[in-house]
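One-letter residues, chain by chain:
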Amino acid sequence: MHKSYGSTTALDGLNLIVQAGQITGLLGPNGAGKTTALEICAGLHRPDSGSVAVLGNDPWRASAQQRARTGVMLQSGGIWSGASALQAVSHIARFYRNSIDPAELLARVRLEKIGSTPFRRMSGGEQQRVKLACAIVGRPELAILDEPSSGLDPGTRREIWDLILQLRNSGTSVVLSTHSLEEAELLADWVAIIDNGQCVASGTTADLTSDPDSQTLHFRAAPNLARAALLRALPTGFELTEDAPGHYRLAGAEISPTIMASVTAWCAEQGVLASELTISRRNLEQVFHEATRSTPQVSP
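Residues numbered from 1 in each chain as written. Predicted model: local features only at pLDDT ≥ 70, side-chain atom pairs only at ≥ 80, totals over all residues. Heavy atoms only, no water.

Engineer: Explanation requested: the overall build of the protein chain in the structure shown.
Structural biologist: Check the secondary structure of the protein chain and you find eleven helices and twelve strands. Taking 2.2 N^0.38 as the reference for a compact globule, 300 residues should give roughly 19 Å; the C-alpha atoms of the protein chain span a radius of gyration of 24 Å, well beyond that estimate. C-alpha extents for the protein chain along the principal axes are approximately 75 × 45 × 35 Å. Here the protein chain, with 300 residues, has 44% of them falling under the buried criterion. Long-range pairs, those at least 24 residues apart, make up 67% of the contacts in the protein chain between residues at least 6 apart in sequence. Here the protein chain displays about 15100 Å² of accessible surface, and carbon together with sulfur accounts for 48% of that area. (Helix = DSSP H or I, 4+ residues; strand = E, 2+ residues; numbered from the N terminus. Rg over C-alpha atoms; globule rule 2.2 N^0.38 Å. Buried < 20%, exposed > 50% of the residue type's maximum accessible area, 1.4 Å probe, protein only. Contact = heavy atoms within 4.5 Å. Areas by Shrake-Rupley, 256 points an atom, 1.4 Å probe, with all protein chains shown as cover.)

Quick look at the structure:
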């Protein structure tokens, strides 16, 4: 898909496939094009060029029956400012034949106690939960969720995560835009990183972080080891640094059991005990940084 707003290019050939029955997490810096892509998939905008199919249909031309198969939660808009939570969710529920009971759903998102408080007077977290409830009350086949946990406290955020996992486990496909790397790692079956309107990396978290060359061996030993001598006892391609007195970091190639044994054996030959050997691996934050060349906006 391609999409521009005046001189601003929002999508520059975005190519993305979302698998049914999975949670697909969309990561990217602010302005990367995530929200534009979701709004096009929701049928709110048309791409300037390219094509998009949601559940087999063009969302811009979809019939009411086809649109009813998709639940949408956008960052802003969609809820009457004077409606209570029960009024808002009940109103949306009436458009569906087999909706979830609104009162039951509000209890699941911890909104049953806010009574007649109008939407405009709710906290940001309460508003997020109302919008999420409206998106899923119709039991959609596909849920498009734009930053569903934004503004929530840690406890409520985890409850929302559990609800999203329950959606996936019940057969609903979920597209989840988020700035939280933790959220993407915990929830997403597939992660797509978007930058400058393009998909710059995609895969499972395990796939994206599986580069063996990014492994690092950390260990403790006596300060000021003869690092050059230790490196000569290992295959080429490694770098050894002493980050603090007695704290060493070996990186540059795959850390195999043989490498770990070689490090401990060399230290033993020097009359030194190597201890606290641990291996750290590439994480999603590193992948994000490498793919976008920017610092991720991680939710608190």
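Engineer: Is there a simple way to explain empty space enclosed by the protein in this structure?
Structural biologist: Gaps between atoms show up when a probe of the same size as a water molecule is rolled over them. Counted according to the given criterion, the structure contains one cavity of 30 Å³ or more. Computed from the structure, the largest cavity encloses a volume of approximately 40 Å³. Its residues assigned to classes, the lining of the largest cavity comprises one nonpolar, seven polar and two charged. (1 Å grid on protein atoms, 1.4 Å probe; cavity = no way out; pocket = protein on both sides within 12 Å on 5 of 7 lines; lining within 4 Å. Points joined across faces, edges and corners; volume = space filled by probe spheres on them. Nonpolar A, V, L, I, M, F, W, Y, C, P; charged D, E, K, R; others polar.)

Engineer: How do you make sense of the side chain of His179 when you look at a structure like this?
Structural biologist: Tracing the sequence through the fold places His179 in the loop between β6 (173-177) and α7 (181-187). In this structure the side chain of His179 is engaged in a polar contact, spanning 3.4 Å, whose partner is the backbone oxygen of Gly28. Within the structure, His179 has its side chain in polar contact with the side chain of Asn30 (distance 2.8 Å). (Polar contact = N/O pair within 3.5 Å; in protein donor to acceptor, adjacent residues only side chain to side chain.)

Engineer: In this structure, what is going on with the pairing of strand β7 (residues 190-195)? I would like to understand it.
Structural biologist: In regular strands, side chains alternate between the two faces of the sheet. Burial within β7 is extensive, with five of its six residues counted as buried. Looking at chain direction, strand β3 (residues 23-27) and β7 are connected through four bridges and run parallel. Bridge assignment links Leu26 to a residue of β7, and that residue is Ala192. A loop of two residues connects β7 with strand β8 (residues 198-203), the two strands running antiparallel in sequence, and Asn196 in this loop sits at a positive phi of about 50°. (Pairing = 2+ DSSP bridges.)

Engineer: I tried to follow the packing of helix α5 (residues 124-136) against helix α6 (residues 154-169) on my own but got confused; where do I start?
Structural biologist: Packed helix pairs are specified by the crossing angle of their axes together with the interaxial distance, meaning the distance between the axes. At a minimum axis separation of 12 Å, α5 and α6 run at an interaxial angle of 10°. One element, α5, and the other, α6, form an angle in the roughly parallel class. Here α5 contributes Arg129, Leu132 and Ile136 to the contact with α6, which in turn contributes Thr156, Ile160, Leu163 and Leu167. (Axes fitted to C-alpha atoms, helices over the stretch in contact; angles between N-to-C directions. Parallel < 35°, antiparallel > 145°, perpendicular 65-115°, else oblique.)

Engineer: Just checking my understanding: could you explain the layout of surface pockets for this structure?
Structural biologist: Taken as a whole, the largest pocket holds about 670 Å³ of empty space. As for the largest pocket, its lining consists of 28 residues, of which Arg67, Thr70, Gly71, Val72 and Tyr96 are closest to the centre. Elements represented by at least two residues in the lining of the largest pocket include exactly α2 (64-67), β4 (70-73) and α5. A total of four residues in the lining of the largest pocket trace back to one element, the largest contributor, which is β4. For the lining of the largest pocket, the residue count by class is 17 nonpolar, eight polar and three charged. Here the second largest pocket defines a volume of roughly 510 Å³. Surrounding the second largest pocket, 22 residues form its lining, Leu16, Val18, Cys41, Ala53 and Val54 being those nearest its centre. Broken down by secondary-structure element, the contributors of at least two residues to the lining of the second largest pocket are α1 (34-41), β5 (142-146) and β6.

So yeah, pure geometry; function would need other evidence.
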